[in-house]
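What follows is the residue order along each chain.
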Amino acid sequence: MSLPEPRSEVVERARRGDPQAFGEIVRIYERMVYNFAFRMSFNREDAIDMTQEVFLRLFRNFGKFEPSRGFGAWFMRLAVNVCINERRGRTRRSSLVQADSAECESRPAATAEIGKDRILRAVADLNPSYRAVVMLRYIEDLSYGEVGRILGLPEGTVKNRLFRAREVLRARLEKVGVDG
Amino acid sequence: MRSACGRGSDAQEYFDGAMDAEKSREFRLHLEGCPGCRARIEGYGAIGAALSDLNPGPVPAVLHERLMGIVPVAAPRRVRIWAAAALLAASSVLFWLMFMPFSAGTGMPNPGDGGLLSPVRELNRIGGMVGENVESVASSVRDFAEVDLDIGAAVPLEGGTLAAVFAAMVAATAFVNAAAYRRYRAAARGPAAGGMTERRTT
């Protein structure tokens with residue numbers, strides 16, 4: 001999977017405040033941003049707030065976008081930064097999986113559920129910048145290069161960060177007796 | 001289980017499909033004899049499976065509405081700001097016309113000049129001229145169309161009328177700004193007037 005990229009003429013019109021063009025950009029990215037926000041916050045209401053904040057920031061900061069750069073990576077960097085900063089500002093992590101795994105659409109079978117809940121809990125306890133790498137790689141299925149473009153990091157740093165995040169997860173899961 | 005082979009980073013690249021074909025083939029052979037790397041790759045798979053269960057479903061309708069409402073509300077706001085600025089400028093000109101003393105003949109403000117005209121009287125004079133022009137145009141139309149138009153005498157603009165126009169412009173400016181700000185705040189909160197109460201979707 002790769003980052004969706006709207007036509008440059010649509011981006012330009014949206015940048016000038018054309019509501020239709022902005023609507024098209026909303027339609028292209030809203031699901032991606034909402035999914036990412038949900039996986040960063042583990043909470044539907046927070047995800048709604050974060051997504052709204054991302055698009056408001058887009059509207060306010062559209063003037064800073066340089067058309068010579070790819071819009072998708074620029075916009076997703078803005079989205080990721082908003083989600084990471086919002087996440088750092090909130091302190092609801094403690095009750096996350098109990099409260100919010102119930103919101104997930106598909107629920108795993110009972111035996112596997114305990115293991116998955118523990119994995120999710122471990123992911124939720126990751127530092128937000130590590131979690132962002134994990135989510136972009138796993139859920140959006142982006143390449144190291146694309147994750148790097150979004151986060152403004154070299155590919156090698158992305159690989160390292162992802163590896164460290166996975167090692168942290170494995171160590172935590174081994175501690176609680178889950179095969180991670 | 002930790003792999004002691006030191007190829008953890010390769011295991012990650014292999015799992016992520018970021019290895020070229022040849023290296024991939026070589027690593028598969030390594031995997032057959034390395035339980036540590038196999039465990040690591042299984043672990044990566046388990047994390048992915050758990051995360052894929054974390055599915056928030058489709059974008060809630062209330063969120064979609066809010067997002068689609070960001071620009072249609074915000075863009076007219078920009079137009080309204082320009083309209084408000086134009087009204088304000090026009091109001092200022094009127095204010096200046098009403099309260100600055102005019103020098104007779106030149107029409108330029110000249111405080112301290114003994115031959116000043118009352119600004120209101122000067123405006124009445126201008127208004128009278130405009131009225132005369134209107135009457136002249138009406139007369140031409142009447143002659144051309146041979147119809148009996150009753151425009152009446154020239155209606156000079158009076159100081160009181162101008163003051164009323166000025167007050168109306170200031171009020172319109174304030175109203176336009178207040179309406180734009182209200183709409184902007186509502187858009188920031190949500191599409192409904194009490195957007196903050198619409199957050200819960202389940």
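For the structure, check the block above.
Below is a summary of the structure that appears in this document. A quick note: this is a predicted structure, and the numbers were derived from the prediction, not measured.

1. Description of the overall build of chain B
Next up, step 1: The secondary structure content of chain B amounts to 7 helices and 2 strands.
Next up, step 2: Starting at the N terminus and ending at the C terminus, chain B contains elements arranged as α-α-α-α-α-β-β-α-α.
Next up, step 3: When contacts within chain B are restricted to residue pairs at least 6 apart in sequence, those whose partners lie at least 24 apart make up 57%.
Next up, step 4: A total of about 11,900 Å² of accessible surface is found on chain B, and carbon and sulfur atoms cover 62% of it.

2. Details of unusual backbone geometry
Next up, step 1: A positive phi angle is found at A:F42, which is not glycine, with a value near 60 degrees.
Next up, step 2: Of note, A:F42 is situated in the loop between α2 (19-41) and α3 (44-61).

3. Notes on the environment of A:G72
Residues and elements named next belong to chain A.
Next up, step 1: In this fold, G72 is placed in helix α4 (residues 71-89).
Next up, step 2: G72 gets classed as buried once you look at its relative accessible area, which sits at 0%.
Next up, step 3: C-alpha of G72 to C-alpha of R149: the two residues are 77 residues apart in sequence and 9.6 Å apart in space.
Next up, step 4: Among all residues touching G72, those that are not within four sequence positions of it are L3, P4, E5 and Y29.

4. Considering the nonpolar core
Next up, step 1: Counting residues in hydrophobic clusters, the biggest one holds 72 residues, and the most contacted among them are A:F22, A:F55, A:F71 and A:F75.
Next up, step 2: In terms of domain composition, this core takes at least three residues from each of domain 1 (8-52) and domain 2 (61-198) of chain B.
Next up, step 3: Not counting chain neighbours up to four residues away, the residues in contact with A:F55 comprise A:F22, A:I25, A:V26, A:Y29, A:E30, A:V33, A:F75, B:L67 and B:I70.
Next up, step 4: B:A11, B:F27, B:L31 and B:C34 belong to the second-largest nonpolar core, a separate cluster that totals 7 residues.

5. Describing the pattern of salt bridges
Next up, step 1: Within this structure, the stated rule accounts for 17 salt bridges over all chains.
Next up, step 2: For the salt bridge of B:D53 with A:K116, the shortest nitrogen-to-oxygen distance reads 2.9 Å. Pair noted here: B:D53 is in the loop between α3 (35-52) and α4 (61-68) and A:K116 is in helix α6 (residues 110-124), and the two residues belong to different chains.
Next up, step 3: Given a relative accessible area of 16%, B:D53 falls into the buried group.
Next up, step 4: With its nearest N and O atoms 3.1 Å apart, the salt bridge here joins A:K159 to B:E13. Taken together, the residues A:K159 in helix α9 (residues 155-175) and B:E13 in helix α1 (residues 8-16) connect one chain to another.
Next up, step 5: What makes B:E13 buried here is its relative accessible area of 12%.
Next up, step 6: Through salt bridges with shared partners, a single network forms among A:R7, A:E9, A:R13, A:D18 and A:E24.

6. Focus on the packing of aromatic side chains
Next up, step 1: In total, this model carries 14 aromatic pairs over all chains according to the counting rule given.
Next up, step 2: Three or more aromatic residues joined by ring pairs make a cluster, and in this case those are A:F22, A:Y29, A:F55, A:F59, A:F62, A:F65, A:F71, A:W74 and A:F75.
Next up, step 3: Its end group placed over the ring of B:Y44, A:R166 keeps NZ or CZ at 4.4 Å from the ring centre.

The rules behind the values
- Residues numbered from 1 in each chain as written.
- Chains lettered and ligands numbered in written order.
- Predicted model: local features only at pLDDT ≥ 70, side-chain atom pairs only at ≥ 80, totals over all residues.
- Heavy atoms only, no water.
- Helix = DSSP H or I, 4+ residues; strand = E, 2+ residues; numbered from the N terminus.
- Contact = heavy atoms within 4.5 Å.
- Areas by Shrake-Rupley, 256 points an atom, 1.4 Å probe, with all protein chains shown as cover.
- Buried < 20%, exposed > 50% of the residue type's maximum accessible area, 1.4 Å probe, protein only.
- Core = buried A, V, L, I, M, F, W, Y, C linked by side-chain atoms within 4.5 Å.
- Domains from an automatic or database assignment.
- Salt bridge = Lys/Arg side-chain N within 4 Å of Asp/Glu carboxyl O.
- Phe/Tyr/Trp six-rings, centres within 6.5 Å; stacked < 30°, edge-to-face > 60°.
- Lys NZ or Arg CZ within 6 Å of the ring centre and 35° of its normal.

Spatial relationships are all this shows, so hold off on functional conclusions.
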